[in-house]
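Coordinates in review
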There are 6 protein chains.
Amino acid sequence: MTARGPIERLPTGISGFDDIAAGGLPLGRPTLVTGTTGSGKTCFAIEFLARGILLFGQPGVFVTAEETADSIRSSAASLGFDIEQWEREGKWAFVDASPIEGEEEPIRTVGAYDFGALMARIDHAIRRSGARRVSFDSFSSIIGRFTDLGVMRRELVRIVAGMKTLGVTLILTSERTEEYDGISRYGVEEFVLDNVIVLRNVLRDGRRRRTVEIVKFRGLPHRTGEWLFTIDSREGFVVIPLGVAHPPAHASTVR
Amino acid sequence: MTARGPIERLPTGISGFDDIAAGGLPLGRPTLVTGTTGSGKTCFAIEFLARGILLFGQPGVFVTAEETADSIRSSAASLGFDIEQWEREGKWAFVDASPIEGEEEPIRTVGAYDFGALMARIDHAIRRSGARRVSFDSFSSIIGRFTDLGVMRRELVRIVAGMKTLGVTLILTSERTEEYDGISRYGVEEFVLDNVIVLRNVLRDGRRRRTVEIVKFRGLPHRTGEWLFTIDSREGFVVIPLGVAHPPAHASTVR
Amino acid sequence: MTARGPIERLPTGISGFDDIAAGGLPLGRPTLVTGTTGSGKTCFAIEFLARGILLFGQPGVFVTAEETADSIRSSAASLGFDIEQWEREGKWAFVDASPIEGEEEPIRTVGAYDFGALMARIDHAIRRSGARRVSFDSFSSIIGRFTDLGVMRRELVRIVAGMKTLGVTLILTSERTEEYDGISRYGVEEFVLDNVIVLRNVLRDGRRRRTVEIVKFRGLPHRTGEWLFTIDSREGFVVIPLGVAHPPAHASTVR
Amino acid sequence: MTARGPIERLPTGISGFDDIAAGGLPLGRPTLVTGTTGSGKTCFAIEFLARGILLFGQPGVFVTAEETADSIRSSAASLGFDIEQWEREGKWAFVDASPIEGEEEPIRTVGAYDFGALMARIDHAIRRSGARRVSFDSFSSIIGRFTDLGVMRRELVRIVAGMKTLGVTLILTSERTEEYDGISRYGVEEFVLDNVIVLRNVLRDGRRRRTVEIVKFRGLPHRTGEWLFTIDSREGFVVIPLGVAHPPAHASTVR
Amino acid sequence: MTARGPIERLPTGISGFDDIAAGGLPLGRPTLVTGTTGSGKTCFAIEFLARGILLFGQPGVFVTAEETADSIRSSAASLGFDIEQWEREGKWAFVDASPIEGEEEPIRTVGAYDFGALMARIDHAIRRSGARRVSFDSFSSIIGRFTDLGVMRRELVRIVAGMKTLGVTLILTSERTEEYDGISRYGVEEFVLDNVIVLRNVLRDGRRRRTVEIVKFRGLPHRTGEWLFTIDSREGFVVIPLGVAHPPAHASTVR
Amino acid sequence: MTARGPIERLPTGISGFDDIAAGGLPLGRPTLVTGTTGSGKTCFAIEFLARGILLFGQPGVFVTAEETADSIRSSAASLGFDIEQWEREGKWAFVDASPIEGEEEPIRTVGAYDFGALMARIDHAIRRSGARRVSFDSFSSIIGRFTDLGVMRRELVRIVAGMKTLGVTLILTSERTEEYDGISRYGVEEFVLDNVIVLRNVLRDGRRRRTVEIVKFRGLPHRTGEWLFTIDSREGFVVIPLGVAHPPAHASTVR
Ligand SMILES: Nc1ncnc2c1ncn2[C@@H]1O[C@H](COP(=O)(O)OP(=O)(O)OP(=O)(O)O)[C@@H](O)[C@H]1O
Ligand SMILES: Nc1ncnc2c1ncn2[C@@H]1O[C@H](COP(=O)(O)OP(=O)(O)OP(=O)(O)O)[C@@H](O)[C@H]1O
Ligand SMILES: Nc1ncnc2c1ncn2[C@@H]1O[C@H](COP(=O)(O)OP(=O)(O)OP(=O)(O)O)[C@@H](O)[C@H]1O
Ligand SMILES: Nc1ncnc2c1ncn2[C@@H]1O[C@H](COP(=O)(O)OP(=O)(O)OP(=O)(O)O)[C@@H](O)[C@H]1O
Ligand SMILES: Nc1ncnc2c1ncn2[C@@H]1O[C@H](COP(=O)(O)OP(=O)(O)OP(=O)(O)O)[C@@H](O)[C@H]1O
Ligand SMILES: Nc1ncnc2c1ncn2[C@@H]1O[C@H](COP(=O)(O)OP(=O)(O)OP(=O)(O)O)[C@@H](O)[C@H]1O
Ligand SMILES: [Mg+2]
Ligand SMILES: [Mg+2]
Ligand SMILES: [Mg+2]
Ligand SMILES: [Mg+2]
Ligand SMILES: [Mg+2]
Ligand SMILES: [Mg+2]
């Protein structure tokens, strides 16, 4: 398969996001969504599937690697989405990859970790539902099983290569513990993935402010810098099309 | 068991806290309460049970993993609560998980640490007392026994999953050594738990100021940022419904 | 033994300190006194016993784990106290726990370090002298023998539990290498101990300033923040009842 | 072979870059191009070959060690270059060195890693196409396989020596995770390579700014400091011949 | 041997130093002199012996653990002292403890390192010359041989205890790599030694400034904070009795 | 061999440098020249030999441990020096110590690394050419082979002692990765060497500025602080006899 032109876009339908993404996520390629705890990664991952169903009629698969499906259903409900309804209609499918399920696997996998079984389940869910979108939340809990950075990197490349063959547009959430220090937990994930989005939840003078930034879209233009967003029970995940200006920066914030 | 709508709330009854929590703690889910030494974690854990008994008639179980039950009784007395009275009335029960008790267990548990025995004791105490609330103080002293971060994370997921089946609302206290650097000691706990509260005790120009912040409620709105609180012999733990503004920030602090 | 009410206080008699301590140290419980080199830990430990003898007629035991007894006698003399006189009168007793004494013990104690022998000597000295106060200087040199943090914590809990059964009020000095970075050397001691005091010796614009702060009294109120103190050949350890205000903070420093 | 005079230059043809390079890259010597994720390393590597073809009729070889050739083709297309056309014309050749290809090689190579096979493939591609320019993207994914810094350095020297015998001008991209902290990931690469360029993508007050800096050309003059550049679908990689002045620096930015 | 009163002083005779030391170094006790490279440790160690000979007729022993005796002779000559003359007069003796001499000793001494042989040589030199002062330069090169911090500490205590029995006043130089970060290289030496002096050589706005500070004299008063000093071919090591005030501190620097 | 007076000087002939060095480098002693990549270490090492030949008729030996001799020849040519001419005249000799040459030696030398063979080659080159000056570039690549800091230090002392017996004045270049953080890569080299010079290439507001500082000349006076310098195709390495003043420092920069 040969790419004749630039990568195409998949409009996400998430309010305001496609503006800063200059059209949407790179079609058919995985995107890393990284942020500290509570920064909104899971909300983004839910919205990505929900907007696909609501606005474009695209079914989706949600791979949950840490929370239970029920927990995701509750979170989605609080954003105004009825997942169970969609599950019954065959528009939303869960794949459970939480450590509770596959209890006794060896932890310190030095060589080739068998990510294949999970890939097969994801592939199967995609085929059955005809999904165009996949959210994998959180990816960190999977790659944290590789204790050696060299091995982690090689396996990451292999896993991501496998994901690209799935023929869907995929979001992978990833953890970080500092707001302005590097990009990802291991400092390796962002180089392997084609696209990187950072969600921030910055504490400043006792107040929190949420921002989203597209750090990298390989081979595609996008708007740069941080953009404010909110999470809301009625509107869900909403990106505000105004640039961020930290005090003591100059006053004009529109760009 | 399927969640039909958003997660419900459990009003804590702690002065001012339910305001910033937009109603209370997420019902039936564990909440991590993290802070430096002396930041008020144990006071919060005591208040949580005490207010449940006083305001809502809900019995509680206090799992003490480091201090003795007597030490907790004294601390509670200084906040104006007579725990022994409640113990006699069957409203308050202690479960002692301190390392003094289970002396000779192996320390460097690599695989599955037998957290099960403790869970059985907690479960038993809950059933006997009909508890609706559980405080586990401190959780760090338990998870510090896993020396490998990968193992710790997997076990954390397993332990937390077990706790959710207890059918109670649970608080887990957790240690940190810096006020504004990450969230928890190991940088892993906050991602596994659904809800995270940070208690701070900040030294600035030689003075201390206590603040409480809800960093994350998965799937639920809450007020954000830091809020001042005090610990007092008459009023106990009191959150002040004024936002925090650090100098040299702008003057208006009401929001 | 059951605590009916809040913990009682032991007035130390150290000038100005009982004011900020709201009456004195928590009676019958160990207190960690932590500070950088030369911050005044040993002076505080000497004063604690000396004031007990001079003002309240309470005998004391000084456990010296690094300096020799003679060195402590000299330091006390420079603060105006004649320890040998008190030793002759049975009011002051030394327990020597320095590494010079117990030469050939194994260093890398992985399991249960035999702290018992030292405890027996301390217990014996307390009984013989009828001591009400014990200073243990420095505690760091003892706990530094546990090379594994997990083991150190478990042993710390055990040691501190043993100390509480001695029926005295005890001060443990502990080392730190930075003035405003965490509390103790290993980041674990402060969580195990009920009470924590920090002595600081801050270099600013080429000048040094000494401050004392009560960081934690479990279950007891106290004044918060840093307070200036001096060490003096005539007055010894003197806390000045004025708050600290670092420039460029606002002018009023009385509180 | 003896160098009689100073090293010659290879004009890159990248807009504005040859100005700050005082003529171009050192001819026949490898140059390290280092930057954080999304800083433009791959764009630079593509431009280097594309401008050689378009402006100087020099064929090029692109060694891709992490992304697939197709991914590079897409990225090039978005910069306005039709690589497949050039491939057909024999002006552009890919060498795939991604870990997906050479699956089962041993990871923890302690001694001499067999970089030779890859060198042979590169050498062959150069000969067949008559290439004058080679881009190796990314070099970090190769050297990250040496887990010992001492071994990495010795092997780096050996690899770089091998590259110099290829008779081409070569660009090696390399990863870093902080914008203003050191030069390269391992702190060793920049000392082994003769020439070092840093691409930065700095976040400041919520906005991003791209700069390029020539940190080192061994034995050759060049303009120093950071220079702004943009990446654009029509113009590609464009260096702006104005110096960078960070606020609050003085106003004049032309030099 | 029992100390009846406070520790006595040994006036050093170093210009200005005895003023800030409130009389001199603590008599008969070792003092750690710590500083970065070139901060003046060796000059101080030379001056200490030289002033003893010139002003008080006290012979001295110089233990050189890294430089050769000849190198020290040259440095002393540049400060205006003729050591060889004093050597001939029996007033100055060298003990060479450099690693060149005792070639084949085992490096990774885990248990009791045989510091005894060196002590015997020092002791012998003291007896033969009737020395009252000893300079040991540098002590770091000796203690760096203990690779385990726990072992290092225990051995340090043992070595220092041995030194106290020598009946002389001793200076031990020790290395640090940062000007305002902790006190000593390993963070342990300063707690074992009774007295600590820091020499700083601070780079600020492109200029260097030398300061000396007495950080700790156990059991003795002294002036606190940093004091300027110079090293000069005519005057040697000269402490200037004016306090240091870093800009932007307030103007009055006399105290 | 006994030093009767202070160490003598070797005027380098490098423009402006001998002024700040108060006459030149300490004669017959090795000097560490440390700096980040591209800071000018190799230029300084070349200039040192070239000025000796041009101004004082002193032959020199250049030990190249990482770059090839040809690379050094090119760099020298760009500074205006024709090394091959000098090689033919017997004024300049290369010793190649690059890892390419001595391929199969064991890397993790724990004990005594055989530095002797290299020393013999250097010694031979000195004798044959009658060299008075030696540049060893880079020394870091040699000492990085000792993976244990304790061993490295002992071997460094041994190597440096050997170098002093060569009877020449020697420059050793050494790497660092941060501009204002410590002195050398391992934090040990600067203590072993008698003389230390730091070359800096500081990025500030997007611009680079080069400075040279003499940090230490054991036993000799020198001017202190940072001094600006430039590298130029016509003038080579030129130190500007004006002090450095960083904004926002005060205006007068002459001293
Ligand atoms: N219905 C809602 N209304 C308002 N805010 C909400 C709502 N649901 C969630 N939030 C906010 O979103 C936060 C949780 O976001 P989310 O679960 O997406 O974070 P996350 O980045 O996935 O965190 P983690 O790494 O811990 O999984 C909550 O803490 C809350 O502040
Ligand atoms: N056609 C385009 N128009 C505008 N911007 C583009 C275009 N193509 C790429 N970019 C920008 O360049 C960035 C990617 O640059 P590039 O792939 O060269 O980075 P990189 O340094 O190689 O990153 P990595 O280390 O992750 O490989 C994108 O994130 C985007 O911002
Ligand atoms: N009755 C009281 N009145 C006022 N302040 C009190 C009272 N009781 C406790 N405090 C304050 O609360 C602090 C202790 O709080 P708490 O024990 O909850 O802290 P913690 O976070 O649990 O600490 P640790 O991590 O060490 O267990 C005391 O240091 C004191 O400052
Ligand atoms: N005669 C002199 N005149 C002026 N300055 C001198 C003289 N002798 C030495 N110095 C200064 O003192 C510095 C060396 O001091 P010294 O050798 O005491 O440092 P040090 O702390 O022992 O260093 P190291 O840790 O490397 O041994 C020299 O760098 C020089 O700046
Ligand atoms: N009589 C005195 N008069 C004035 N100051 C004194 C007197 N005695 C001691 N000091 C001051 O107290 C300091 C020593 O205090 P102390 O020994 O209590 O410190 P420390 O915290 O125990 O240090 P370390 O951790 O090294 O044991 C001395 O450095 C000195 O500045
Ligand atoms: N002829 C020249 N004219 C102007 N500048 C030059 C010239 N030659 C070299 N330079 C400058 O000197 C720098 C290289 O200096 P040099 O090779 O001495 O650095 P280095 O400290 O040895 O670096 P490394 O640690 O990488 O070996 C070049 O990057 C360039 O900026
Ligand atoms: Mg999440
Ligand atoms: Mg607590
Ligand atoms: Mg002490
Ligand atoms: Mg790239
Ligand atoms: Mg010295
Ligand atoms: Mg060089």
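Note that the structure is predicted; figures quoted are calculated from it, not measured.

1. Some details on the overall build of chain A
- Broken down by element type, chain A carries eight helices and eleven strands.
- Considering only residue pairs separated by 6 or more positions, chain A has 68% of its internal contacts joining residues 24 or more positions apart.
- In the form shown here, chain A has an accessible surface area of approximately 9100 Å², with 53% of it arising from carbon and sulfur atoms.

2. Some thoughts on the pattern of salt bridges
- Throughout the structure, instances matching the rule amount to 108 salt bridges over all chains.
- Note that aspartate 194 of chain A is salt-bridged to arginine 29 of chain A, the shortest N-O span being 3.5 Å. Separated by 165 residues along the polypeptide, aspartate 194 of chain A in the loop between helix H8 (189-192) and strand E8 (195-204) and arginine 29 of chain A in the loop between strand E2 (25-26) and strand E3 (30-35) bring together distant segments of the chain.
- Several salt bridges share partner residues, and in doing so they unite Arg29, Lys164, Asp194 and Arg218 of chain A together with Glu67 of chain D into one network.

3. Some words on the site of ligand 6
- Inspection of the region around ligand 6 gives 22 residues, with Lys216 and His222 of chain D together with Lys41, Thr42 and Cys43 of chain F positioned closest.
- More than one chain approaches ligand 6, the contributing ones being chains D and F.
- In this structure, phenylalanine 217 of chain D approaches ligand 6 through a main-chain N or O atom, which is 2.9 Å from an oxygen atom.
- Between ligand 6 and serine 78 of chain F, the relevant distance is 2.9 Å, taken from a nitrogen atom to a main-chain nitrogen or oxygen of the residue.
- Residue classes in the shell around ligand 6 are distributed as seven nonpolar, ten polar and five charged.

4. Some points on the site of ligand 2
- Around ligand 2 sit 22 residues in total, of which Lys216 and His222 of chain A together with Thr37, Lys41 and Thr42 of chain D are the nearest.
- Among the chains of the assembly, those with residues near ligand 2 are chains A and D.
- Take phenylalanine 217 of chain A: an N or O atom from its main chain is 2.9 Å from an oxygen atom of ligand 2.
- A distance of 2.7 Å is found between an oxygen atom of ligand 2 and a side-chain nitrogen or oxygen belonging to threonine 42 of chain D.
- Expressed as a share of its isolated accessible area of 650 Å², the protein-covered part of ligand 2 is 96%.
- Elements with a minimum of two residues in the shell around ligand 2: strand E9 (207-217) of chain A together with helix H2 (41-56) and strand E10 (226-232) of chain D.
- Class assignment of the residues belonging to the shell around ligand 2 gives a composition of seven nonpolar, ten polar and five charged.

5. Quick look at a negative patch on the surface
- Together, Asp181 of chain A, Asp181 of chain B, Asp181 of chain C, Asp181 of chain D, Asp181 of chain E together with Asp181 of chain F make up a region of like negative charge exposed at the surface.
- Within the secondary structure layout, aspartate 181 of chain D lies in the loop between strand E7 (169-175) and helix H8 (189-192).
- Accessibility expressed as a relative area gives 44% for aspartate 181 of chain D, which makes it partly exposed.

6. Observations concerning H2 of chain D
Residue and element names in this part refer to chain D.
- The terminal C-alpha atoms of H2 lie 22 Å apart, and with 16 residues this matches the ideal 22 Å at 1.5 Å per residue to within 8%.
- Taking burial as the measure, the 16 residues of H2 include 13 buried ones, the bulk of the element.
- The first or second residue beyond H2 is glycine 57, which carries a positive phi of 60°.

7. Some remarks on a nonpolar patch on the surface
- Taken together, the side chains of Leu54, Leu55 and Phe56 of chain A make up a nonpolar region of the molecular surface, amounting to roughly 290 Å² of accessible area.
- Topologically, leucine 54 of chain A is positioned in helix H2 (residues 41-56).

8. What to know about the environment of arginine 176 of chain A
- Checked against the element boundaries, arginine 176 of chain A lands in the loop between strand E7 (169-175) and H8.
- For arginine 176 of chain A and threonine 36 of chain A, which are 140 residues apart along the polypeptide, the C-alpha to C-alpha distance reads 4.9 Å.
- Those residues in contact with arginine 176 of chain A, other than ones at most four positions away along the chain, are Thr34, Gly35, Thr36, Thr37, Asp181, Gly182, Ile183, Val198, Leu199 and Arg200 of chain A together with Phe191 of chain B.
- Within polar-contact distance, the side chain of arginine 176 of chain A engages the backbone oxygen of glutamate 179 of chain A at 3.1 Å.

9. Here we look at the side chain of arginine 133 of chain B
Residue and element names in this part refer to chain B.
- In this fold, arginine 133 is placed in strand E6 (residues 133-137).
- For the buried residue arginine 133, which engages in no salt bridge, the nearest side chain bearing the opposite charge is aspartate 18, 6.9 Å off.
- A polar side-chain atom of arginine 133 sits 3.0 Å from the main-chain carbonyl oxygen of threonine 12.

10. Regarding the confidence of the model for chain A
Residue and element names in this part refer to chain A.
- In the predicted model, chain A carries a mean pLDDT of 86, and 87% of its residues have values of at least 70.
- Looking over chain A, one finds the lowest element-wise mean pLDDT in helix H7 (residues 149-164), namely 83, and the highest in H2, namely 98.
- Segment residues 102-113 is flagged for pLDDT under 50; beyond a separation of four residues in sequence, or across chains, it makes 21 contacts in the model.
- Below pLDDT 50 for its whole length, residues 246-255 participates in 24 contacts with residues either more than four positions away or in separate chains.
- Scored as a complex, the prediction yields pTM 0.92 and ipTM 0.92.

11. Comments concerning the packing of aromatic side chains
All names here are of chain E.
- According to the stated counting rule, one finds 54 aromatic pairs over all chains in the structure shown.
- With 5.9 Å between their ring centres and 35° between their planes, phenylalanine 81 and tryptophan 86 make a pair best called tilted.
- By relative accessible area, which is 6% here, phenylalanine 81 ends up buried.
- The exposure class assigned to tryptophan 86 is buried, which follows from its relative accessible area of 9%.

12. Regarding helix H7 (residues 149-164) of chain B
All names here are of chain B.
- Here H7 contains 16 residues, and its C-alpha end-to-end distance of 22 Å stays within 8% of the 22 Å for a straight helix at 1.5 Å per residue.
- Counting buried positions along H7 gives twelve out of 16 residues, so the element sits mostly inside the fold.
- Where H7 is concerned, the buried positions are Val151, Met152, Arg153, Arg154, Glu155, Leu156, Val157, Arg158, Ile159, Val160, Gly162 and Met163.

13. Details of the side chain of glutamate 67 of chain D
- Here glutamate 67 of chain D is to be found in the loop between strand E4 (60-64) and helix H3 (69-78).
- Within the structure, glutamate 67 of chain D has its side chain in polar contact with the side chain of serine 71 of chain D (distance 2.5 Å).
- Leaving out residues up to four positions away in the same chain, glutamate 67 of chain D has contacts with Asp194 and Arg218 of chain A together with Thr42, Ile72 and Asp137 of chain D.

Calculation rules
Residues numbered from 1 in each chain as written. Chains lettered and ligands numbered in written order. Predicted model: local features only at pLDDT ≥ 70, side-chain atom pairs only at ≥ 80, totals over all residues. Heavy atoms only, no water. Helix = DSSP H or I, 4+ residues; strand = E, 2+ residues; numbered from the N terminus. Contact = heavy atoms within 4.5 Å. Areas by Shrake-Rupley, 256 points an atom, 1.4 Å probe, with all protein chains shown as cover. Salt bridge = Lys/Arg side-chain N within 4 Å of Asp/Glu carboxyl O. Near = heavy atom within 4 Å. Polar contact = N/O pair within 3.5 Å; in protein donor to acceptor, adjacent residues only side chain to side chain. Nonpolar A, V, L, I, M, F, W, Y, C, P; charged D, E, K, R; others polar. Patch = residues over 30% accessible without salt bridge, like charges linked within 9 Å, V, L, I, M, F, W, Y side chains within 5 Å. Lys, Arg positive; Asp, Glu negative; His and termini not counted. Charge placed at Lys NZ, Arg CZ, Asp CG, Glu CD. Buried < 20%, exposed > 50% of the residue type's maximum accessible area, 1.4 Å probe, protein only. Expected span 1.5 Å × (residues − 1). pLDDT = per-residue confidence, 0-100. Phe/Tyr/Trp six-rings, centres within 6.5 Å; stacked < 30°, edge-to-face > 60°.

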